[in-house]
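What follows is the residue order along each chain.
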Amino acid sequence: MSPTSPASPARSASPASPEGPQNRTPTRRLTTAQALVAFLARQYTERDGHRQRLISATWGIFGHGNVAGIGQALVEAGHGGNGAAHRMPYLQGRNEQAMVHAAVGYARQSGRLSAQAVTTSIGPGATNLVTGAALATINRLPVLLLPGDTFATRPADPVLQQLEVPYAGDVSVNDCLRPVSRHFDRITRPEALIPAALQAMRVLADPAETGAVTLALPQDVQAEAYDWPEEFFAERDWHIRRPAPDVYELETAVRAIRSARRPLIVAGGGVRHSAAEETLAAFTAATRIPVASTQAGKGALRHDHPADVGGIGHTGTATADELARTADLVIGIGTRFSDFTTASGTLFSNPAVRFLHLNITAFDAHKLAALPLVADARAGLEALTTALAGRGHRVDPAYETEYTGAKAAWEERVEASFATPDPSARPTQTQVLGLLDTLVTEEDILINAAGSLPGDLHKLWRTRSRDQYHVEYGYSCMGYEIPAAIGVLLAAGTGQRTRPVWALVGDGTYLMNPTEIVTAVQENLPLKLLILQNHGYASIGGLSASVGAERFGTAYRHRDPDGGFTGPPLPVDLAANAASLGLRVLRATTVDDLRKALSEARDAEGPTCVYVETETPDTVSGPPPAQAWWDVPVAETASRPAAVKAREEYDRQVAARRRHL
């Protein structure tokens, strides 16, 4: 499904050098925008002998800040052209934030080895990038942002959409991208592009530093011509390194593992990013240490692997969380240890617990006062496996029997949640997942990001392949799912065969960002959109009830006479809306209807939507409930009984918080 290869821009004759033709450095006269596009089309990454384009395509919405620069350069690059190796494909977006989400989905599916660029105009187009940039940087996923900027030469001041800052003439709205970018530069002269572009590629390709990279491009500089050295346009390979662990840190880690009686691995997104799944499986086969997973790490082991004990933390399984409470050594692999993973500092409660962190960044490896093992996840696991193998290390068989038995018991709870005893009834949310579970194979990819679905998926979903589970929970950004699914489709498709890609959204998420449905229709991408209508923000509604806010402002309903929102559901027809944007829509009202609709959607060759109104259970996402706490501060003083009771429970829970020092 990837766009075809880009065409090389036309060369122009270089002017003669005063030193004479024999000493002349070959140059090419191009605008700054043309030079940037030509440069990007010649950048590659290489890891383990595999080579691919670093920037595979450019998303764009054009306005006065980029149409005459980057827009014209994409035309020069032959985006509709002849299939030559250096063509720069163009993808048309509908919302700037959504374009970044699509590029992030593409990068994640590509293993961070290939990324996409996003170009916007100045003003709202640029500021709309901020949410997507934050998501990319928090999740350590590469995306190149190319927002237009105000005039560097200031011929008219202010220009349309310019932010005027009385105390700083060099500030523009693009500066709001600085804190959410791993690298930021403003190209105020054509020749400044050369070092800036090289730095941008370095950061994008660096597994320890990657995230959003922003090159702000003043619109006059984009269109300015310059004699560029031909060397700038030579193909470059950016090697993705696999740093091995330090000998001292490795020996310290081996001693810690050998002395542990109840070790537990917490697998994070770094396992996937380094393609370390098979290495992790080999490590667990040798040691029998159980593996719990974060949202980003789920799929590090298949759900039916004996050592896989499921998700960990607030949205985790009872099996993983009980193991975490009694673990004496927690081995983090490629995880940031966010508050959902640690249950806000209350989960790892064994007084003797220690931490060992294998991470490619020292920043993460030192969290929770851990023993650091700074290395690539695969290289580090290989070194640990070799070091431990020579000493015959394996956990006590009784410990293995304990966690495999607990896993089997949890599986019974999953089956109970998925069960659909009445095929004529309206399904619950967990029953929807159960029906999908019976249908998918290891080819399918599920995408989700926010609401109550991430909790249900983390606890219940049976992941069948390393890349099936695609839940963005670093930023938990509503509206990520549909554009990200497009990015995944562009990365995962091979020739005429496309893997089934499902975007799972609630009604709240759908209303946030449905615009890229039009892009899926335009590109005829076989997106499978599953809309679960539950008339409001179900997840936050449940959280609101638990913290004494009484579900205020979380339902999509008419106002009642008292000014609240407890009236009838709003007459919003999301299925009709999706159809109006070009999707084929399959409506389901019962369990039996839904089973048939999901099967039909999976086989569909074009973009298809399945719409179902779910039965809302007493709790947010139905059984089983959360297995660990999450800290959301409750009002310390209140007059309403719900808040007073919630504060009492909060004080009880927070007393268990622990600083791991």
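Residues numbered from 1 in each chain as written. Predicted model: local features only at pLDDT ≥ 70, side-chain atom pairs only at ≥ 80, totals over all residues. Heavy atoms only, no water.

Asker: Honestly, the environment of Val 203 in this entry has me stumped. Any pointers?
Answerer: Within the fold, Val 203 resides in helix α6 (residues 193-205). In this structure, Val 203 is in contact with Arg 182, His 183, Glu 209, Thr 210 and Val 213, ignoring residues within four places of it in sequence. (Helix = DSSP H or I, 4+ residues; strand = E, 2+ residues; numbered from the N terminus. Contact = heavy atoms within 4.5 Å.)

Asker: What is the right way to look at the packing of helix α10 (residues 277-287) against helix α14 (residues 377-389) in this model?
Answerer: Relative to each other, α10 and α14 sit at 20°, their axes nearing to 9 Å. Classified by the angle between their axes, α10 and α14 sit roughly parallel to one another. Considering the relative orientation of α10 and α14, their crossing is left-handed. Note on element contacts: α14 touches α10 through Arg 378, Leu 381, Glu 382, Leu 384, Thr 385 and Leu 388, opposite Thr 279, Leu 280, Phe 283 and Thr 287. (Axes fitted to C-alpha atoms, helices over the stretch in contact; angles between N-to-C directions. Parallel < 35°, antiparallel > 145°, perpendicular 65-115°, else oblique. Left-handed = near helix turned anticlockwise from the far one by under 90°.)

Asker: What is the right way to read the pattern of salt bridges from this model?
Answerer: Here the idea is simple: oppositely charged side chains can pair when their charged atoms come close. Within this structure, the stated rule accounts for 41 salt bridges. Measuring nitrogen to oxygen at the nearest pair gives 2.6 Å for the salt bridge that ties Asp 175 to Arg 178. Taken together, the shared-partner salt bridges connect Arg 47, Asp 48, Arg 242, Asp 376, Arg 378 and Glu 382 into one network. (Salt bridge = Lys/Arg side-chain N within 4 Å of Asp/Glu carboxyl O.)

Asker: Help me out: how do you make sense of the sheet that holds strand β21 (residues 527-533) in this one?
Answerer: Strand pairing in a sheet is mediated by backbone hydrogen bonds. Such pairs are either parallel or antiparallel. With respect to topology, six strands assemble into an open sheet ordered β19-β18-β20-β21-β23-β22, the strand pairing being parallel. Of all strands in the sheet, those bounded by a partner on one side alone are β19 (469-471) and β22 (584-588). In this sheet, adjacent strand axes meet at a mean angle of 20° when their direction is disregarded. Summarising the sheet, β22 and strand β23 (residues 608-613) pair through five bridges and their orientation is parallel. Residue pairing in the sheet places Arg 584 in a bridge with Thr 608 of β23. Relative to β19, helix α17 (residues 453-460) is tilted by about 150°, and along the sheet it contacts β18 (445-448), β19, β20 (501-506) and β21. (Pairing = 2+ DSSP bridges.)

Asker: Could you clarify how one ought to interpret unusual backbone geometry in this entry?
Answerer: What you tend to see is this: most non-glycine residues have negative phi, and most peptide bonds are trans. Cis geometry marks the peptide bond from Asp 157 to Pro 158; its omega dihedral reads 10°. Mapped onto the fold, Pro 158 is located in the loop between β7 (143-149) and β8 (183-186). Phi is positive for Ala 275, which is not a glycine, with a value near 55°. The residue Ala 275 is located in the loop between α9 (269-273) and α10 in this model. Its identity as a non-glycine residue notwithstanding, Ser 344 has a phi of 55°, on the positive side. Locating Ser 344 in the fold gives a position in the loop between α12 (339-342) and β16 (354-359). For Ser 344, a relative accessible area of 8% translates into the label buried. (Buried < 20%, exposed > 50% of the residue type's maximum accessible area, 1.4 Å probe, protein only.)

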